[in-house]
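Working through the structure, step by step
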Amino acid sequence: MDKVIGIDLGTTNSCVAVVEEGTPTVIPNRGGYRTTPSIIALSETGKRLVGHIAKRQTVTNAENTAYSVKRLIGRRFDAPQVKTMAEGVPYHIVEGPHGDVRVTLRDKVYSVPELSAVVLQEMKLVAEERLGEEVRKAVVTVPAYFNDNQRQATKDAGRIAGLDVIRIINEPTAAAMAYGFGKNLERKIAVFDLGGGTFDISILEIGNGVYEVLSTDGDTFLGGEDIDRRIIDWLAMQFDEEYGIDLRRDRMALQRIKDVAERAKCEVSAVKEAEINLPFIISTQHNEPLHLQRTLTRKKLEELTTDLIDRALSICQRALDAEDIDKREIEDVILVGGQTRMPKVQQRVAEFFGLEPCKGVHPDEVVALGAAIQGAALLDDKSEMLLLDVTPQALGVMIEGGYFHKLIEKNTTVPTSKHHTFTTVRDNQTSVKIMVMQGESIRAEDNELLGEFQLTGLRKASKGQVDVEITFEISADGIVSVDAKDKETGLAQSITVTAKSGLTEEEIRRMSADEHGYAMAVRSGEEFERHKQQVERIVIEVEQLFPKVEEIIGASDPGKDAVGKARQALDRTRAAMASGELHTLLDSAEALKRTAQMFRGVVSKSGLG
Amino acid sequence: MAQRSKQPTVPRPRAGLNLQGVVLTPSEMYVLSRIDGFSSVDQLCQITGLPERETRAALQKLASVGLVDLPMGAEDGVDLDVERQRAILELHERMREMDFFEMLGVEAGADAKAIRRAYFKASKQFHPDRYYGKRLGPFKARLEEIFVRLSQAHDFLLDAKRRSAYEAQILGERQRQEDAAKAARVAAPAPERQPDPAAEKPKRAASSKARAFSEEGLRELRAGDYTAAALALRRAIALDRDNLGYQAQYKAALERAGESSADEYIKLGQAEEAADRMDAAAALYERATRVGGRAEPHAAAAQFFLRIGRLIEAKEHAMRATQLEPGRADWHLALARVYAVAGFAKQARREAEIALHLDPASPADRLLEEFESGK
């Protein structure tokens, strides 16, 4: 059976897991870290960097380092969230050919799915190294509030990375699956997911291995980064007061403050206070160096962020209210996301639900584990686990007056099918335009347009006399189809709604091919590197033996000849090592191995004699 | 992985063949007459001399109305074992006639926990994800339809408000069906022994079609699509004009349709009002008053117009509400308020007094007190 990996493609960090012999396990990357920063950079030499290496060079190469791209995925360039992002990040966000978002790193323009694909590709490589085989299938997680366009863009990113994304599932749902794995539970739980960039809350019912999502809600712009920003603002404002300089205007200073703010935030989760010390943070007009020194106490941080936690809890209440659930019905709370390590968050969540959050799950790994579990559950027909997923946002059509008529409510279990009968609004109306939309606003224009089509050839009649039945269907894999039918004549028209990721099929294919080429290059590069290291050992040995051998046999003519040949072999091998070509290296190494053998023979004979 | 039975499918006639209430086409009847319990589907296709598709469709129809058993020789290219195929087919065929309790396999009094358990258990059998990556052929759509119906049953039965009314209705319906079946058994002679006169046939067909429309209408009514329900019932009446039951159902559906769209317009109006788009809100409130003949939308519109100071419209609607439902104190009170704001003290007092007369607990007394103290 094909192995399927689970990938938590996070805003700040990503994680990959697999179910091996029935046990879900996180796969650490080459550096031994269990999560990998979702950061992509292009170095000065045009080399692509991902993960920890990319993160480490962020300070010096800020303009060419893309982070938090998940906040951009599947969005249109003119979306307000994109504008906010563009103002706040050092890398350049530009408009793509389809009104989509692109990012420039050095002189190259990347689409957002391409950047996410780089991270997915990295996770794929990490998994392949561990499993020792090629991985083709993956379950990838997204926030529960992601709309269909954002989900599609994430799927496209998978395709570009050479992965068949067999299912997109919600992060909190994945967390719940990991939580319930291997236990026979029957209970209602809440998943509180406060990650780097976003907040998600989901209420689920578990029973008999079935996971049913009851309610989800969230906020796209509420997470650890917002807490960091509070610390940054606090530091910068005090500095401004003292010296009249806004550090946030200096990119290098800002980056250093960002790093230190994040570190201090993590520290005060464990201890009561953290020292912040940034010498030579900036110079005055008179070239005088200034330093930043402060102490961040846990209490101060809590004070700075009370309203953020309040906001998260009010969203929890909204999620409960939406499905008429009393918070006392919740029997366990799972904390997900690094930000839930903050003691104040834990305390407030405990107070809100009136119970201690579950300690058994790892907030950074639980989502990837759940994704791997769902992947295995789908492929294994004997699996006892089944996920009943729900629609993230309402689906419907635009009706007269620019209003949005919901046919499928948010939080509806899929697969589902709903229909509604509309009537004509004008006399002798012979066609209707069906605009399929997704969103929660009553005004159609505030929602996302997923697709449109026309039903023409209606019989002529006065208004209100022709009935058109519209049916929405969502399959288990999330494919939406819409059908419009004149009930009297049977005349019908339908479409399968394809969400728009911002890329054309052609572009995705080309990017996928490029990425495949890149992966091959990386892989062969790695192979060369491995051989080079072996050859290097032989080179060193020959070099060390060289003077001795020359001394022993260099006097005779045949000896001189042999030494000359040995030198040639050595030089050729050195050149091959620099060439980067694998077969040249292997050829020359063969010759050098023979030389080494000969050298060893000469030395040992002379030693014995 | 495909498990296919080597045996050919042999349709068998059901014991006690009963054509009561079944409408068949001549070709379906003909196919039925060829079924002997030995010939396989393939053989029947050859025997009948009809196009193969027509024969197969006829067999499906005969199986679906319960006249023959069509044991499933597995369909080609489907990775489901025969047992599973049969379970899916059976439920799929029967689910249209099943009420929500039967659908989940729970008792009418089942509590939320039992319903959830039943739903989860059924999901594990019928959710399409259970068969991920398998070739399902036509079973994919069947599974999806079954699961949709299961979810519908589950959601509905967990909704306490909608459920209690439904429960009463279902129990009543079951009783009626039993009674009707008993009556039919007593009254109806077996149809094959008494062939219908040729002239009677179209009429019978029409009335059976009408019945199908009426059933569809009632189903839509239950599912909450009142417009569709009214439409189906209108068709039923067109086919069977004398049926008073259909006419009553049609009227009820129309009323519900009016109510629900009026409610929707009011909801939209409120949202527009909250967003401070008063013109749009006004248009929506007006529209709400034009569907269905209820007083509520007029009262809501009156209050809205009063809030935004358009007193003439407020008075019109408030008055209309009292005309449509003269016995309701609230409407008279609303009208009294409009009059009071407009400065028609006498009329206001009169309406307030009527309100108080109709309902001694009405807050109209406070309005009256205000008049006393104000003057």
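Everything numeric here is computed off the predicted structure, so don't read it as measured data.

Criteria and thresholds
Residues numbered from 1 in each chain as written. Chains lettered and ligands numbered in written order. Predicted model: local features only at pLDDT ≥ 70, side-chain atom pairs only at ≥ 80, totals over all residues. Helix = DSSP H or I, 4+ residues; strand = E, 2+ residues; numbered from the N terminus. Buried ≥ 20, exposed ≤ 12 C-beta atoms within 10 Å, placed from the backbone. Contact = placed C-beta atoms within 7 Å. Pairing = 2+ DSSP bridges. Axes fitted to C-alpha atoms, helices over the stretch in contact; angles between N-to-C directions. Domains from an automatic or database assignment. Nonpolar A, V, L, I, M, F, W, Y, C, P; charged D, E, K, R; others polar. Arc of directions from axis to C-beta. Parallel < 35°, antiparallel > 145°, perpendicular 65-115°, else oblique. Left-handed = near helix turned anticlockwise from the far one by under 90°. pLDDT = per-residue confidence, 0-100. Right-handed = clockwise from strand over helix to strand, strands pointing away.

Brief notes about the overall build of chain A
If you tally the helices and strands in chain A, you get 13 helices and 27 strands. Sorting the 609 residues of chain A into buried and exposed places 45% on the buried side. The contacts of chain A with a sequence gap of at least 6 include a subset with a gap of at least 24, amounting to 66%.

A few points about the overall build of chain B
Scanning chain B from N- to C-terminus turns up 17 helices and two strands. Excluding contacts between residues fewer than 6 apart, the proportion of contacts in chain B whose partners are at least 24 apart in sequence is 55%.

Remarks on the sheet that holds strand β13 (residues 186-194) of chain A
Residues and elements named next belong to chain A. On the basis of which strands lie adjacent, the open sheet formed by five strands has the order β18-β13-β14-β15-β19 and mixed pairing. Strand pairing shows two members of the sheet lacking a second neighbour, β18 (332-336) and β19 (386-388), which therefore form its edges. Pairwise comparison of adjacent strand axes, ignoring direction, gives a mean angle of 25 degrees for this sheet. The pairing of β13 with strand β14 (residues 199-207) spans nine bridges and is classified as antiparallel. Note on β14: the bridge partner recorded for Glu 186 is Gly 207. Its contacts with the sheet place helix α5 (residues 171-180) against β13, β14, β15 (210-219), β18 and β19, and it is angled at close to 40 degrees to β14. Seen against the sheet, helix α9 (residues 343-353) touches β13 and β18 and runs at an angle of roughly 155 degrees to β18.

Concerning the sheet that holds strand β24 (residues 448-456) of chain A
One key point about sheets: their strands pair by backbone hydrogen bonds, in either a parallel or an antiparallel sense. All names here are of chain A. Spatial strand order, β21-β20-β23-β24: four strands in an open sheet with antiparallel pairing. What marks the edges here is a single partner per strand, and that holds for β21 (403-408) and β24. Across the sheet, the axes of successive neighbouring strands diverge by a mean angle of 30 degrees, strand direction being ignored. Sheet analysis places strand β20 (residues 395-399) next to strand β23 (residues 431-438), joined by three bridges and oriented antiparallel. In the sheet register, Gly 396 faces β23, and the bridge partner there is Met 437.

What to know about the domain arrangement of chain A
Residue and element names in this part refer to chain A. What the domain assignment reports for chain A is domain 1 (4-223 + 307-388), domain 2 (224-306), domain 3 (395-497) and domain 4 (505-608). Taking only C-alpha atoms, the centre of domain 1 and the centre of domain 3 are 33 Å apart. Domain 1 puts ten residues into the contact, and the matching count from domain 3 is six residues. Only α4 (148-160) and β15 provide two or more residues apiece to the side of domain 1 that touches domain 3. Top contributing element to the side of domain 1 that touches domain 3 by residue count: β15, with three residues. Counted by class, the side of domain 1 that touches domain 3 contains two nonpolar, four polar and four charged residues.

Some thoughts on unusual backbone geometry
Each neighbour pair has its own omega, and for Val 414 of chain A with Pro 415 of chain A the value is -5 degrees, a cis peptide bond. Relative to the elements of secondary structure, Pro 415 of chain A occurs in the loop between β21 and β22 (416-423). A positive phi angle, near 70 degrees, is found at Asp 276 of chain B, a position not held by glycine.

Quick word on the pairing of strand β1 (residues 4-9) of chain A
Residues and elements named next belong to chain A. Summarising burial for β1: six of the six residues are buried, a large majority. The pairing of β1 with strand β11 (residues 137-142) spans five bridges and is classified as parallel. Opposite Asp 8, over in β11, you have Thr 141 as the bridge partner. Bridge count for β1 against strand β2 (residues 13-20) is five bridges, and the pairing is antiparallel.

A word on the interface of chain A and chain B
Contacts between the two partners involve 23 residues from chain A and, on the opposite side, 22 residues from chain B. Mapped onto the side of chain A that touches chain B, the elements with two or more residues apiece are β14, α10 (366-379), β19, β22 and β25 (467-474) of chain A. Ranked by the residues each element gives to the side of chain A that touches chain B, the list is headed by β22 of chain A, at six residues.

Details of the environment of Asp 467 of chain A
Here Asp 467 of chain A is to be found in strand β25. In this structure, the C-alpha to C-alpha distance between Asp 467 of chain A and Asp 486 of chain A, residues 19 residues apart in sequence, is 6.0 Å. For Asp 467 of chain A, the contacting residues outside a window of four places in its chain are Thr 421, Thr 423, Lys 487 and Glu 488 of chain A together with Thr 227 and Leu 231 of chain B.

Focus: α9 of chain A
Structurally, the α-helix is built with 3.6 residues per turn, so residues lying three or four positions apart point the same way. Residue and element names in this part refer to chain A. Buried within α9 we find Val 345, Val 349 and Phe 353. Burial along α9 is one-sided: seen end-on, the buried residues are contained in an arc of 50 degrees. Buried residues in α9 make contact with β13, α8 (298-322) and β18. Of the residues trailing α9, Gly 354 is marked for its positive phi of about 70 degrees.

Quick word on the domain arrangement of chain B
By convention, interface size is frequently given as the accessible area that disappears when the constituent parts associate. Domain annotation for chain B reports domain 1 (1-71), domain 2 (76-188), domain 3 (202-275) and domain 4 (295-374). The centre of domain 2 of chain B, based on its C-alpha atoms, is set 50 Å off from the matching centre of domain 4 of chain B.

Observations regarding the environment of Gly 182 of chain A
Here Gly 182 of chain A is to be found in the loop between α5 and β13. Sequence separation of Gly 182 of chain A and Gly 209 of chain A is 27 residues, and the distance between their C-alpha atoms is 8.8 Å.

Topic: the packing of helix α15 (residues 329-342) of chain B against helix α16 (residues 345-358) of chain B
All names here are of chain B. Where α15 meets α16, the closest approach of the two axes is 8 Å, and the angle between their N-to-C directions is 160 degrees. When the axis of α15 is compared with that of α16, the two are roughly antiparallel. Considering how the two elements wind past one another, α15 and α16 form a crossing that is left-handed. Residues Ala 329, His 332, Leu 333, Leu 335, Ala 336, Tyr 339 and Ala 340 of α15 pack against Gln 347, Ala 348, Glu 351, Ala 352, Ile 354, Ala 355 and Leu 358 of α16. Partitioning the contact of α15 with α16 into residue classes produces eleven nonpolar, two polar and one charged.

Here's the deal with the packing of helix α6 (residues 224-243) of chain A against helix α7 (residues 251-270) of chain A
All names here are of chain A. One can describe the packing of α6 onto α7 by two numbers: an axis separation of 9 Å at closest approach and a directional angle of 115 degrees. Both α6 and α7 take part in a crossing whose hand is right-handed. Residues Ile 227, Asp 228, Ile 231, Ile 232, Leu 235 and Ala 236 of α6 lie in contact with α7, whose contacting residues are Ile 257, Lys 258, Ala 261, Glu 262, Ala 264 and Lys 265. When the residues that make up the contact of α6 with α7 are grouped by side-chain class, the tally is eight nonpolar, no polar and four charged.

Considering the confidence of the model for chain B
All names here are of chain B. Looking at chain B, pLDDT values average 80 and 88% of them are 70 or higher. At the level of individual helices and strands, chain B shows its lowest average pLDDT in helix α8 (residues 160-187), which scores 72, and its highest in helix α6 (residues 112-126), which scores 93. A low-confidence stretch, residues 1-6 (pLDDT under 50), is modelled with eight contacts involving residues beyond four sequence positions or located in other chains. Every residue in residues 189-196 scores below 50 in pLDDT, and together they form six contacts with partners more than four places removed in sequence or on other chains.

Looking at the pairing of strand β12 (residues 164-170) of chain A
Regular strands have side chains that alternate between both faces of the sheet. Residues and elements named next belong to chain A. With five of its seven residues buried, β12 lies for the most part within the structure. Relative to β12, β11 runs parallel, the two sharing six bridges. Counterpart to Ala 138 in the pairing with β12 is Val 165. A crossover connection joins β11 to the parallel β12 through α4; in handedness this β-α-β unit is right-handed.

With respect to the environment of Gly 49 of chain B
Mapped onto the fold, Gly 49 of chain B is located in the loop between α2 (41-48) and α3 (52-64). Sequence separation between Gly 49 of chain B and Val 31 of chain B is 18 residues, and the spatial gap between their C-alpha atoms is 9.9 Å.

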